[in-house]
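# Chain and residue survey
Listed here are the chains, written in short residue letters.
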Amino acid sequence: MSNNIKTTAVIMAAGKGTRMKSALPKVLHKAAGRTMLQQVLHQVRAAGVDEQVIVVGHGADEVRASLQGQPGCHFALQMPQLGTGHCVQQALPKIPADTQAVLILCGDTPLLRAETLRQMQEQFAVGLANQAADKPLAGLLLTCLLDNPTGYGRIVRDKSGSVQAIVEEKDATAEQKQIREINAGAYIFDYPALQKALAQLDNNNAQGEYYLTDVISLLAQAGLRLDTVQAADPLETTGVNDRVQLAAAASELYHRKAEELMLSGVTIINPASCCIELDVEVGADTVIYPNCQLRGCTKIGPGCVLDSDCLITDSEVGAGSHITKSVLNQATAGQKAEIGPFAYLRPGARLADNVKIGDFAEIKNAKIGNGSKVPHLSYIGDAEVGENVNIGCGTITCNYDGLNKHLTKIGNNVFVGSNTNLVAPVSVEDDAFIAAGSTITKTVNAGALAVERSPQREIANWGREKSPRALNNKA
Ligand code: UD1
Ligand code: MG
């Protein structure tokens, strides 16, 4: 960390989250594309704290699996869950021995900013540097002034303003409930002082739990000092305990993401109507119209237009592309793609540059070469399409025989007439033509015209003499 104080983070993520009324552990609920736990971890790392102990308990395997492969993550198990103090006690054996300070956070506070964590670290370092010999600094807490502090622990100070204790809502007297300064659930402690205080915790309180917050009064009673950092933005300290708070947190994260993109040169016509998840990247001078949703690890290049109502998930789109009212999922498009309105690009759709996919066209597991067009009413699945190919309206690849999927190969400069069925496996070689309405079951050779239709025949005067209407008129 920045101040050369070796800091380890402890993230409490063992609780059940009863108020979520969910089979999923609370910290695995997502806000703006990241689980709350991932988001907290992200901020911890952005604040320069590289080692973390995640305390898991309820749904431990699921929570561990959600962070698989993440560097610097150690796990501790809290079973059963006897409160936040008990939780941190379980983390102690996993904290590296050379740790000087412990940053403790809740896994359910996804709005905490990395800057705030950095500010806490800096102020803690300043506090350590300015120690009063008779009252050494033991820790620092993030607090916040709330108009409605209901549900949070209250910060109790003495007449001189020194922090004396945190009192939980359920244990607070009527007078203490009037206190508007609350505990945000984020702390930095001197490691030896924390260890000592944790060893003295008891569970004599309204909830019968070992409260981490009791560490504060124990340290104060031992004559140690506790500093505070007050969060400027009350939203930042929101602890998500139910789904109403989850929705509020997600909406704030979407708001922040949109703001970050706009400041980096992206135009968003109506940010409140768009949901752009936190890991999405968008290039400068791209314009995003209302009601677009960009999810997962989507990357949109510079100078694109996402016209209204696009839903784009885990997809990449190159510079200068134009997409209107379309759905893309695990698809890629090169530069200057023209997609939609009403196109559906499914997993494995890979468009080269200058490709047009028009209305009601569905592309799945298919490569479409440079300059090729699938302009209307088509299904192209399990296919390799070359360059400068025109796929006529209503063409489909018949890729599925009821058991297996088969490949359709189309070379360069091919013209596929409207309403063609390509029965896979089948190849159409370079420069070939297919007459409209054909059902192609065999290779079409390079440069050839394939026609697969019965010859048209006529019955003269049938309409005037033999049609039901004609017969009716005669009767
Ligand atoms: C806690 C604080 C409260 C503070 C609030 C801020 C305590 C006693 N109270 O209350 O002062 O204002 O956070 O949001 O600490 N957890 C475990 N193991 C447990 C219990 C909880 O890992 O045995 C985890 C939960 O998964 C959660 C976090 O600790 O991520 C906080 O627990 P929660 O039950 O939400 O505490 P609050 O009642 O919100
Ligand atoms: Mg909470």
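Our structure's up above, just so we're on the same page.
Anyway, here's the lowdown on the structure attached to this text. All values derive from a computational prediction rather than experimental measurement. (Residues numbered from 1 in each chain as written. Chains lettered and ligands numbered in written order. Predicted model: local features only at pLDDT ≥ 70, side-chain atom pairs only at ≥ 80, totals over all residues. Heavy atoms only, no water.)

## Some words on the site of ligand 1
Close to ligand 1 lie 23 residues; A14, Q78, T84, E168 and N183 are nearest. Between ligand 1 and D108 there is a distance of 3.2 Å, counted from an oxygen atom to a side-chain nitrogen or oxygen. Between ligand 1 and E168 there is a distance of 2.6 Å, counted from an oxygen atom to a side-chain nitrogen or oxygen. Assessed atom by atom at 2 Å from the grid points, ligand 1 resides in the largest pocket. Elements with a minimum of two residues in the shell around ligand 1: β1 (7-13), α3 (84-91) and β10 (181-190). A per-class count over the shell around ligand 1 returns nine nonpolar, 10 polar and four charged. (Near = heavy atom within 4 Å. Polar contact = N/O pair within 3.5 Å; in protein donor to acceptor, adjacent residues only side chain to side chain. 1 Å grid on protein atoms, 1.4 Å probe; cavity = no way out; pocket = protein on both sides within 12 Å on 5 of 7 lines; lining within 4 Å. Sits in = over half its atoms within 2 Å of the grid points. Helix = DSSP H or I, 4+ residues; strand = E, 2+ residues; numbered from the N terminus. Nonpolar A, V, L, I, M, F, W, Y, C, P; charged D, E, K, R; others polar.)

## Overview of the packing of helix α1 (residues 36-46) against helix α4 (residues 114-129)
Packed helix pairs are specified by the crossing angle of their axes together with the interaxial distance, meaning the distance between the axes. As a packed pair, α1 and α4 sit with axes 8 Å apart at the nearest point and diverge in direction by 50 degrees. For the element pair α1 / α4, the angle class is oblique. The two elements α1 and α4 meet at a crossing, and its hand is right-handed. Of α4, the residues touching α1 (which contributes Q43, V44 and A46) are A114, L117 and R118. Per-class residue counts for the contact of α1 with α4 are four nonpolar, one polar and one charged. (Axes fitted to C-alpha atoms, helices over the stretch in contact; angles between N-to-C directions. Parallel < 35°, antiparallel > 145°, perpendicular 65-115°, else oblique. Left-handed = near helix turned anticlockwise from the far one by under 90°. Contact = heavy atoms within 4.5 Å.)

## Some remarks on the pairing of strand β4 (residues 52-56)
The element β4 is largely enclosed, with a buried count of five among its five residues. Burial along β4 is two-sided: the face carrying Q52, I54 and V56 and the face carrying V53 and V55 are both buried. Pairing of β1 with β4 involves five bridges; the strand directions are parallel. In the strand pairing of β4, A13 is matched with V56. (Buried < 20%, exposed > 50% of the residue type's maximum accessible area, 1.4 Å probe, protein only. Pairing = 2+ DSSP bridges.)

## Observations regarding the coordination of the magnesium ion (ligand 2)
For the magnesium ion (ligand 2), the protein coordination sphere consists of D108 (OD) and N241 (OD1), at 2.5 to 2.6 Å. Placement of the pair is D108 in the loop between β6 (101-106) and α4 and N241 in the loop between β11 (225-230) and α8 (243-263), with a sequence separation of 133 residues. (Donors = N, O, S within 2.8 Å, 3.2 Å for Na, K, Ca; no water.)

## Considerations on unusual backbone geometry
Of the consecutive residues M79 and P80, the connecting peptide bond is found in the cis state with omega at -5 degrees. Residue position: P80 is located in the loop between β5 (73-77) and α3. The residue after A424, namely P425, is reached through a cis peptide bond having omega 0 degrees. Note on placement: P425 falls in the loop between β33 (421-423) and β34 (426-428). Here K325, not a glycine, exhibits a phi torsion of approximately 40 degrees, which is positive. One can find K325 in the loop between β21 (322-323) and β22 (327-329). Residues other than glycine seldom take positive phi values, yet D431 does so here, at roughly 60 degrees.

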